[in-house]
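# Close look at the chain arrangement
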Amino acid sequence: MKNVILSHDDKVRIYSVPDEVADNLDKYCWEFAANWIWKNPNGAKLLQEIRGQKVAIYGSTDFIDYLNEWIFPQQKSVLIEQLNYYDYELPEKYKDYPQYNF
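Summary of the structure given here. Not measured: the values here are computed from a predicted model.

## Observations concerning the pattern of salt bridges
- Counted by the stated rule, this structure contains one salt bridge.
- With a closest N to O distance of 2.6 Å, Asp 23 and Lys 2 form a salt bridge. Taken together, the residues Asp 23 in helix H1 (residues 19-23) and Lys 2 in strand E1 (residues 2-8) connect sequence positions 21 residues apart.
- Accessibility expressed as a relative area gives 34% for Lys 2, which makes it partly exposed.

## A short note on the sheet that holds strand E5 (residues 78-84)
- Judged by pairing direction, the sheet is mixed, and its four strands sit side by side in the order E5-E2-E1-E6 without closing on themselves. Across the chains shown, the open sheet's two edge strands, defined by having one partner strand only, are E5 and strand E6 (99-101). Between one strand axis and the next, the sheet turns through 20 degrees on average, direction left out of account.
- Summarising the sheet, E1 and strand E2 (residues 11-17) pair through seven bridges and their orientation is antiparallel. Looking across to E2, one finds that Lys 2 is bridged to Val 17.
- Relative to the sheet, helix H2 (residues 25-39) contacts E1 and E6, its axis offset from that of E6 by approximately 25 degrees.

Rules of the game
- Residues numbered from 1 in each chain as written.
- Predicted model: local features only at pLDDT ≥ 70, side-chain atom pairs only at ≥ 80, totals over all residues.
- Heavy atoms only, no water.
- Salt bridge = Lys/Arg side-chain N within 4 Å of Asp/Glu carboxyl O.
- Helix = DSSP H or I, 4+ residues; strand = E, 2+ residues; numbered from the N terminus.
- Buried < 20%, exposed > 50% of the residue type's maximum accessible area, 1.4 Å probe, protein only.
- Pairing = 2+ DSSP bridges.
- Axes fitted to C-alpha atoms, helices over the stretch in contact; angles between N-to-C directions.
- Contact = heavy atoms within 4.5 Å.

Geometry only, nothing functional implied.
The structure is reproduced here in structure tokens:
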């Protein structure tokens, strides 16, 4: 397991995820956001209709649920720490972690 930084809005969360996810974070996040939500019936809970248009509304916690339920159910990802952060420098100890902003 390796640590990654996932963010959306003003929340930054440090998660421990399977090595495969950390090493290919962009790929896994993109697959979740661009494909799984839209094509898998289980992703439908993240879709809403706004002014006649279907939109996906999700964040890092939804991505972690996806990993834990569908992709790596035997290697559960866990929250390590949440930072209140918005356009500020990350603490030095997190500088080398893979990052993805939803």
